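Here is what each chain is made of, one letter per residue.
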Amino acid sequence: MENNKSTLIVFSGDLDKAIASFIIGTGSAAMGNQVTMFFTFWGLNILRKEQYVPVQKSFMDKMFAKLLPRGPEKLGISKMNFGGLGAKMMKYTMKKKNITTLKELIETAQELDIKMVACTMSMDVLGIKKEELIDGLEYAGVASYLAEANEAKVNLFI
Amino acid sequence: MNVDKVLDAKGLSCPMPVVRTKKAIDELKSGEILELHTTDSGAFSDIPAWAKTAGHQVIEQREENGVYKFWIQKG
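Figured I'd write up the structure that's included with this text. For every chain, the first residue of its written sequence is number 1, and the numbers climb from 1 along that sequence. Chains carry letters and ligands carry numbers; both start at the beginning, A for chains and 1 for ligands, and go up in the order they are written. pLDDT decides what is reported in this predicted model: residues at 70 or higher carry local features, side-chain atom pairs at 80 or more are listed and counted, and totals for whole chains, interfaces and linings draw on all residues regardless. The basis for the side-chain values is all heavy atoms of the structure; hydrogens and waters are excluded.

## Digging into the nonpolar core
Residue and element names in this part refer to chain A. Counting 50 residues, the largest nonpolar core has Phe22, Phe39, Ile46, Leu102 and Met116 as its most contacted members. Each helix is a run of H or I in the DSSP string that is no shorter than four residues. Each strand is a run of E no shorter than two, and both are numbered from the N terminus. With six residues, the top contributor of residues to this core is helix H1 (residues 15–30). Aside from chain neighbours lying at most four places away, what touches Phe39 is Val10, Phe22, Leu44, Ile46, Leu47, Met116, Val117, Ala118 and Cys119. Membership of the second largest hydrophobic core comes to seven residues, among which are Ile9, Val117, Ala140 and Ala149. To qualify as a nonpolar core, a set must consist of buried Ala, Val, Leu, Ile, Met, Phe, Trp, Tyr and Cys residues joined through side-chain atoms within 4.5 Å. Each residue gets one of three labels from its accessible area relative to the maximum for its type: buried under 20%, exposed over 50%, partly exposed in between, using a 1.4 Å probe on protein chains only. In this description, contact between two residues means that some pair of their heavy atoms is separated by no more than 4.5 Å.

Following this line, the structure appears as structure tokens:
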């Protein structure tokens, strides 16, 4: 069987969109495709470690670090978030209905050898350092993404 | 039918039935048969779609009391 490629740009840091991204990513990998997920802007929040990592930052970068959600458990939803209450309700109902959590989906993506790439330019903008992101990532920019996308049959922007 | 492996994926939601099926079939040899049980109603279309793309064959599929059963031969 030939090996096809899929790429996803995860621009959004919303819980619902992150879940959709990882369902498509892991689904594609399960179908035998080589999958690359490229995380940029708010999407980087999905990859942040939950615990605080002390790193040198400017005042502005510190503000971003404080205001932006740290990891999959802290994300809001894109509609009806109501200051985080919506996300809590969503997680509650998803748990009751035995829907796979974002954390489990990320672990599954790692097990399936999905290539997860953090956009270094967005990291600079938001002042996010490598130490603050989960392990096992690659770091790259637009050309690396486009090189992958040129070879892939499925390319999504979420 | 000679079943070489049985996978219980009941209670799991999308995309896990497909992910678990992939992992289970990776452990089989070509020609061997996997029996899959799932309760995800989407799986009824998803498993054949997955098998077609991944190069395996669904020999039989049926629903029994809300459980979807598949017999998949590794390609």
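After presenting the structure, the write-up continues.
## Some words on the packing of H1 of chain A against helix H1 (residues 16–26) of chain B
It is at 9 Å that the axes of H1 of chain A and H1 of chain B come closest, and there the two elements cross at 25 degrees. Judged by the angle between their axes, H1 of chain A and H1 of chain B are roughly parallel. Two packed elements cross with a definite hand, and for H1 of chain A against H1 of chain B that hand is left-handed. Within the contact between the two elements, H1 of chain A uses Thr26, Ala29 and Ala30 of chain A and H1 of chain B uses Val18, Val19 and Lys22 of chain B. Only Asp, Glu, Lys and Arg are considered charged in this grouping, and only Ala, Val, Leu, Ile, Met, Phe, Trp, Tyr, Cys and Pro are considered nonpolar; every other residue, Gly among them, is considered polar. Partitioning the contact of H1 of chain A with H1 of chain B into residue classes produces four nonpolar, one polar and one charged. Under this scheme, a helix contributes an axis fitted over its contacting stretch, all axes are lines through C-alpha atoms, and angles between N-to-C directions fall in the 0 to 180 degree range. Angles below 35 degrees are treated as roughly parallel, those above 145 as roughly antiparallel, those between 65 and 115 as roughly perpendicular, and all remaining angles as oblique. Crossing handedness: left-handed means the near helix sits turned counterclockwise from the far one by under a right angle, and right-handed means the same turn made clockwise.

## Brief notes about the environment of Thr36 of chain A
Residues and elements named next belong to chain A. Tracing the backbone shows Thr36 in strand E2 (residues 34–39). In this structure the C-alpha to C-alpha distance between Thr36 and Ala118, which are 82 residues apart in sequence, comes to 11 Å. Non-local contacts of Thr36, meaning those with residues more than four positions away in its chain, are made with Ser6, Thr7, Leu8, Lys115, Val117 and Glu148. Counted as a polar contact is a pair of N or O atoms within 3.5 Å, where, for protein atoms, one must be capable of donating a hydrogen and the other of accepting one, and residues adjacent in sequence contribute only when both atoms are in side chains. Within the local environment of Thr36, its side chain forms a polar contact with the side chain of Glu148, the two groups lying 3.3 Å apart.

## Some remarks on the pairing of strand E4 (residues 67–73) of chain B
All names here are of chain B. Counted residue by residue, E4 has six buried out of seven residues, so it is predominantly covered. Pairing between strands is defined by DSSP: at least two bridges between them are needed. Summarising the sheet, strand E2 (residues 33–38) and E4 pair through six bridges and their orientation is antiparallel. Looking at the pairing, Ile33 lines up with Gln73 of E4.

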